[in-house]
Amino acid sequence: MTAWIDQAACRTHPNPDLWFPATADDPAYEARRICRQECPVRLDCGEAALTRSERHAVAGGYRMWEEEDLDRLRAELPHVAARFPKPKRQTAVCSDCGESFGTTKNQTRCGPCRGGLVAATATRNQLLQLRKFMTTEEIGARTGISPNTLSGIVSRTNPPERVKATTEERVLDLARALALSA
Ligand code: SF4
Ligand SMILES: [Zn+2]
């Protein structure tokens, strides 16, 4: 057994399944956090994952099934990446949002859609309406979304293109509730 494995933070974790999510939609936040903050052998692990063309697990702090993550790991380990050519990408059209995206795994939905993000337009429009008669703090209190997040969504200078689906849902719920009670 290679020595680095003995120091792997995931090795003694009570829930090793965190590193092997059941679906590609799973952002695996906790596994990635532990890799980055608690594992002393993160890059050894990343190197081993590139070497065996791992495409399912979280390794080295990255979801090996996500193109963006794989690119970042390869950038961290250029000497290893040079020995293992990237899998071929193809362009697909996302079945949810219709945007083109690159994939090496015949995925049918783009990364943002798989991550539970939706276009920000509907949320932004509703927030602009709501702010005509409520403060951002009041909207925050009613939706459970932080006022900072809400302000960001309607920012004039740097509005996000996407928001979490749950954010959209809560804002639209509030707008509906107010329209009903009016
Ligand atoms: S970097 Fe690798 S060895 Fe370390 S916790 Fe993450 S998956 Fe485990
Ligand atoms: Zn999409």
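Structural notes, computed from the coordinates. Computed from a predicted structure; not experimentally measured. (Residues numbered from 1 in each chain as written. Chains lettered and ligands numbered in written order. Predicted model: local features only at pLDDT ≥ 70, side-chain atom pairs only at ≥ 80, totals over all residues.)

## Things to note about the overall build of the protein
For step 1, the next point in the chain: Summing up its helical and strand segments, the protein has 10 helices and 6 strands in all.
For step 2, the next point in the chain: Against the globule reference of 16 Å for 182 residues, the protein gives a C-alpha radius of gyration of 21 Å, more extended than a compact globule.
For step 3, the next point in the chain: Referenced to the eigenvectors of the C-alpha coordinate spread, the extents of the protein come out at roughly 70 × 35 × 30 Å.
For step 4, the next point in the chain: Residues counted as buried form 24% of the 182 residues belonging to the protein.
For step 5, the next point in the chain: For the protein, restricting intrachain contacts to residue pairs at least 6 apart in sequence, the fraction spanning at least 24 positions comes to 54%. (Helix = DSSP H or I, 4+ residues; strand = E, 2+ residues; numbered from the N terminus. Rg over C-alpha atoms; globule rule 2.2 N^0.38 Å. Buried ≥ 20, exposed ≤ 12 C-beta atoms within 10 Å, placed from the backbone. Contact = placed C-beta atoms within 7 Å.)

## So, the site of ligand 1
For step 1, the next point in the chain: Around ligand 1 sit 14 residues, and of these Ala 8, Cys 10, Cys 35, Cys 39 and Cys 45 come closest.
For step 2, the next point in the chain: For the shell around ligand 1, the secondary-structure elements that each account for two or more residues are helix 2 (29-38), helix 3 (42-51) and strand 1 (58-59).
For step 3, the next point in the chain: Residues of the shell around ligand 1, tallied by class, amount to 11 nonpolar, 2 polar and 1 charged. (Near = placed C-beta within 6 Å. Nonpolar A, V, L, I, M, F, W, Y, C, P; charged D, E, K, R; others polar.)

## Points about the nonpolar core
For step 1, the next point in the chain: Formed by 15 residues in total, the largest nonpolar core has its most connected members in Trp 19, Ala 31, Val 58, Ala 59 and Tyr 62.
For step 2, the next point in the chain: For this core, the elements supplying multiple residues, two or more each, are helix 2, helix 3, strand 1 and helix 4 (67-76).
For step 3, the next point in the chain: Take this core: its biggest share by element is 3 residues, from helix 3.
For step 4, the next point in the chain: Once residues lying within four places of it in the same chain are set aside, the contact partners of Val 58 are Trp 19, Ala 28, Ala 31, Arg 32, Cys 35 and Arg 63.
For step 5, the next point in the chain: Counting residues in hydrophobic clusters, the runner-up holds 13 residues, among them Ala 120, Ile 145, Leu 150 and Ile 153. (Core = buried A, V, L, I, M, F, W, Y, C linked by C-beta atoms within 7 Å.)

## Quick notes on helix 7 (residues 121-130)
For step 1, the next point in the chain: Listed in full, the buried residues belonging to helix 7 are Thr 123, Gln 126, Leu 127 and Leu 130. The arc enclosing the buried residues of helix 7, seen along the axis, measures out at 105 degrees, which places them on a common side. (Arc of directions from axis to C-beta.)

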